[in-house]
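Tertiary structure, described
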Amino acid sequence: MPPMSFLADLKSLHPLEVKTLLTLSDGERFDVLYLSERLGFKAGQGNQAVSWLQSKGLLVEVERTTELLYERTELGAEYAQTGTPAQRVLDALRSQGPMTMPEIAAASGLPNRDVGSTYGRLSKEGSLSMGEGKRVEIARDGDPDAALTTLLARGDRAPLRGADLDPSELSVLQSVSKKRGAADAMFRVVERDHVLFELTAGGSSVRDELRSAGLTGEEIGQVTAEHLQRGSWKNASFRPYGVNAPTSRLIVGRRNAYCEYLDSVKDKLTSLGFEEFDGPLVETEFWNSDALFMPQFHSARDIHDVYYVKEPDHAREIEEPYLSNVAQTHENGWTTGSRGWGYAFDRDFTRRLILRSQGTVMSAKTLHTAKIPGKYFGVLRCFRYDQVDATHLSDFYQTEGIVLGEEVNLRNLLGLLRMFAEELAGATEVKYVPGYFPFTEPSVEVHIKHPVLGWFELGGSGIFRPEVTRPMGIDVPVLAWGLGIDRMALMHLGLNDLRDLFSGDLESVRLRRRAG
Amino acid sequence: MPKIEVYRDALMRCIGRSMSDDELEELLPCAKAELDEPADAEGIMKIELNDTNRPDLWSTAGLARQLRTYLGGAVSDYPFFSRRGDPRDSADRRVVVDAALESIRPFLVGFAVTGRAIDEPMLKDIIQTQEKLTWNYGRKRKSISMGVYRTDLIEYPVLYRAVNPDTTTFQPLQSEEVMSMREMLSRHPKGVEFGAIVADFPRFPLLTDARGEVLSFPPVINSAHIGAVEVGDENLFIELTGIDMNSLLVTASIVACDLADTGFTILPVTVEYPYDTPYGRSLTAPYYFQERCSVELQEVQSLLGEGLSVGDVQAALERMGIAATVHDTTVTVDPPHVRNDFMHGVDVVEDVMIGRGMESFTPEMPRDFTVGRLSPVEAYSRRLKSVLVGAGFQEMIFNYLGSGRDYIERNYPESEWAEQYTRSIQIANPMSENYEFVRPSTIPSLLASEAVSGNAAYPHNMFEIGKIGLRDDRDVTGTGTFTALGMVSADTDAGFNEMNSYVSAILYYIGLDFELIEAEDGRFIPGRVAAVVPVGGGTEYGRFGELHPRVLEQWGIQMPMSAAEFLLERMMKDGR
């Protein structure tokens, strides 16, 4: 890495780095411990400063040696407190005279095993001998572990460096140390690298730049309340920050991007004079389909097309006069001018509870309380008997609505569709084709050319059949429409799998935003 | 919606002129059709038909008939139709019906064709028409099934009988062996597919000729002999059985007109019933049964928003292949032989619309002024959401169907499962147990989310405002849909106290006065769950607390969590 030579780069130096650089002379070799001693760095700060400076090419490693350290174990700490086994055996014999091994164990508090091995060692060294009645007695008094006691005590402060010890100390230490699994030894042997660093040429020049810029590493970073209360900022300078330094991530509260898209659709519709309706997830066959003049034998009403509720399975009743009006309309057209479907309407089946399968339900249900003229819409969750995959969901939103008026007609319907196409979808071209829905006649589909998605079907619409409106007491024409907005929602969110709209993955939801 | 395959050449031949795919696509909307896939190497293209009430369009000849007249071609004449009191001569071609069929599969209509040898594309088209008509229009053969046979092997009269399924045997098509009709239900693929339509009757329908040779077992399978039509056959007998006479007659008319358009001569067949049918005890098909349909000119004008003249209306209908007469201001149409979708005057209006072409109508905005507004619960939700976002919560949105395990068992101690299941709305015919319940609470959705979000940076503060469904006897449906606010917090210091702070802040800003009372709820640590109630008591707005580690363990969550849920409809009642 080339040496830094611009003041701007000095701003990227942390105060620890600044202080480190300023304290070093050219060619001076140092280790991390030296920084702690010179600069009063706390544990870890020296290492941080060195590693940052090294990665910037301002310091270089010049020597690395491996040294052995002897770290006192818990057992060692215990012996430092209570004495070594040899000391404790001798103490016991001194105070109570010759004893058998079990008696020594009891008196010294050592396990039999340790008493046995200690006797073995001390009798070999000539300190103990076996007397009458298998009693152990002192043969030659003295402290056999004097050197070890000193080492145990020194080990309390910091690990002992092999290089600091004389050969006799080292040999004592090695006899009570182990490398691994040192639970039964007094010291653990640890290998540690000792590294020496020195300034690079770049480091020297950055240090000189720091000096000439008058930076000390003591500049104020975070302004504190204390600075303000005491006015201490007045005589200090402020550390300039690197404006491009990475920032930390903020976890903020946020709306869900899909919900916001749905809101934008609702806002657009209300701005166009539509009033929102809402309704229950559980519906009767009556409102879901019969009121929409779908015959009870219609293939879209099979058990494999709607979800039936297990319990309760039927509504207690259907509101009159709507039930009778609809039943007669199915059977013979009632007074709607229709010939009807010509079958016996099943008044039990019509009470069957299902999960709402189409948003048009609420359009039909709104009719008998609707104002004339009136415009209504709903963004409604509907349920579909489909395998869940990238293009099918068990439940999803449908956007539906109606327009009631004495004089509304097909041309108004086309006008409305064009307005949706332009206002909601940003369409550049609009095409109408005849469509088919059981509850509208005439029926029209609107296809649009979207600037990103190209041509697709935006929605279906039509004028409600009199068989739908008259039973609800409505005698004016009713324009009904439904829009497919999921494809646009996916596009707006930069997604291509419908399941992602309802994702539970917090991270991806947090990161999501409008793509267009 | 049916999708059909047609030979491009055959379609163009039937239309009477050839055209590019672009031209065809321009033309297809008059039949509510779309080009799904252009012609492949074999010259076969796929076309989707959107009108489920127009089965006459589901074949090459039928689709071509509509396109041809729309382009100005003459409406074909079909002289072979019988009418009420005016049957065509059927010579010795008779079918005799057994009285026992009245309660099984009461109606049969048939006709025969002759005059040309059937070729490969034609045979394919007949089979496809049969499948589309009986599957889509005939509700998977329940209300209409159809059989085609080699007339040369038949001795009239044909007998439509009800027979003992265990003792009656024959060799069905697509099988090497003779078996009983009962055996066919389990051993023949068509028996497995369609057997259920007749399986519960003590006797099954059977068609034989005068000698007793089997034609078929309607609505299941033809015989391997008389019922095996091949390329080169010239004389065919076609019958349809079912439960709705009008559907049968219109379907028979569609097939007959298609074959007539292809160059066959149609030979009427008379069916003799021992019981009444809507058209008498002797019925000669093809039969024109449709009733006239009328609409006032004024209704056409007001629905379409155009001041059309009588001549305009007649010309538009003629393009659709519909003859219309006018008396004063009433337009009366005789539906084409192949259509039975004129139920109301508005059905005529639609054909006028299509006949004139969509491009002839200038879009215009409704003139009425209306006031737009959000529903009260949506407006209230938005107020809540802005407070929640300010409190640092991420909005989530979830699906409403899930499993009993996720919605109940993972959240409550086993001793409370039964009670919780009783409160929940279960689907009787779920697609899988993963989508068997309407969610009774938003909290399981939020926990499921937390369970897959362990890698996201903490804290996790999430909320959702969405619907939940519960059993509710106060409603006539015995169920209720409620708008719920669910909140969860997952973090090292999440707990009762933290959620209490959030709840207090949110309810303060939304303007709801409340009191807290200790609650019992198996989802939370005992003593760390509160019900939020109106000041002075009353139905709780909701509750919150510190989730029990047992619940978190069930979800595999390793971070402390608190949760809250409120019902907006209750809050709105008392809020400001």
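The model shown is predicted, which means the values in this text are computed figures rather than measured ones. (Residues numbered from 1 in each chain as written. Chains lettered and ligands numbered in written order. Predicted model: local features only at pLDDT ≥ 70, side-chain atom pairs only at ≥ 80, totals over all residues. Heavy atoms only, no water.)

**Here we look at the side chain of B:T241**
Residue and element names in this part refer to chain B. By the element assignment, T241 lies in strand β13 (residues 236-242). T241 sits in the buried class, given a relative accessible area of 0%. Here the side chain of T241 touches S145 through a polar contact of 2.9 Å, side chain to side chain. (Helix = DSSP H or I, 4+ residues; strand = E, 2+ residues; numbered from the N terminus. Buried < 20%, exposed > 50% of the residue type's maximum accessible area, 1.4 Å probe, protein only. Polar contact = N/O pair within 3.5 Å; in protein donor to acceptor, adjacent residues only side chain to side chain.)

**Notes on helix α1 (residues 8-15) of chain B**
Residue and element names in this part refer to chain B. Within α1, burial applies to R8, A10, L11, M12 and I15. Looking at the buried residues of α1, the elements they touch are β1 (3-7), α2 (21-27), β3 (44-49) and α3 (60-70). Where α1 terminates, the next one or two residues include G16, which has phi positive at roughly 100°. (Contact = heavy atoms within 4.5 Å.)

**Some thoughts on the confidence of the model for chain A**
All names here are of chain A. Summing up the model confidence of chain A, the mean pLDDT is 89 and the portion of residues at 70 or higher is 98%. Ranking the elements of chain A by mean pLDDT puts helix α1 (residues 7-10) last with 62 and strand β7 (residues 275-276) first with 98. In the predicted structure, residues 1-8 sits below a pLDDT of 50 and forms 16 contacts with residues beyond four places in sequence or in another chain. (pLDDT = per-residue confidence, 0-100.)

**Describing the interface of chain A and chain B**
The interface is formed by 94 residues belonging to chain A together with 82 residues belonging to chain B. Between chain A and chain B, roughly 8,000 Å² of surface is buried when both sides are summed, and carbon and sulfur atoms account for 57% of that area. Its largest share of buried area at the contact with chain B, chain A owes to A:R339, A:R411 and A:Y436, together 10% of the area lost on that side. Across the chain A-chain B interface, the total number found is nine salt bridges. (Buried area = accessible area lost by both parts, 1.4 Å probe. Salt bridge = Lys/Arg side-chain N within 4 Å of Asp/Glu carboxyl O.)

**Examining the pattern of salt bridges**
In this structure the tally under the stated criterion is 76 salt bridges over all chains. Among the ionic pairs, A:E169 bridges to A:R154, the shortest N-O distance being 3.0 Å. In this pair, A:E169 sits in helix α10 (residues 167-175) while A:R154 sits in helix α9 (residues 146-154), placing the two residues 15 residues apart along the sequence. The salt bridge involving B:D521 is made with B:R523; its shortest N-O contact spans 2.9 Å. Judged by relative accessible area, B:R523 falls into the buried class, the value being 9%. Connected through salt bridges with shared partners, the residues A:R255, A:D263, A:K266, A:D267, A:E276, B:E378, B:R382, B:K385 and B:E395 form a single ionic network.

**Quick look at the sheet that holds strand β5 (residues 177-178) of chain A**
Residue and element names in this part refer to chain A. The sheet built from four strands is open, its strands ordered β4-β1-β6-β5 with mixed pairing. The sheet is open, and its two borders are formed by β4 (160-161) and β5, each paired with just one other strand. Of the pairings in the sheet, the one linking strand β1 (residues 59-72) to β4 comprises two bridges and is antiparallel in character. What sits directly across from L69, in β4, is R161. (Pairing = 2+ DSSP bridges.)

**Here's the deal with a negative patch on the surface**
Together, A:E457, B:D22, B:E25, B:E26, B:E34 and B:E359 give the surface a local cluster of negative charge. Sorting elements by how many residues they give to the negative patch places α2(B) first, with three residues. When you line up the elements, B:D22 lands in helix α2. (Patch = residues over 30% accessible without salt bridge, like charges linked within 9 Å, V, L, I, M, F, W, Y side chains within 5 Å. Areas by Shrake-Rupley, 256 points an atom, 1.4 Å probe, with all protein chains shown as cover. Lys, Arg positive; Asp, Glu negative; His and termini not counted. Charge placed at Lys NZ, Arg CZ, Asp CG, Glu CD.)

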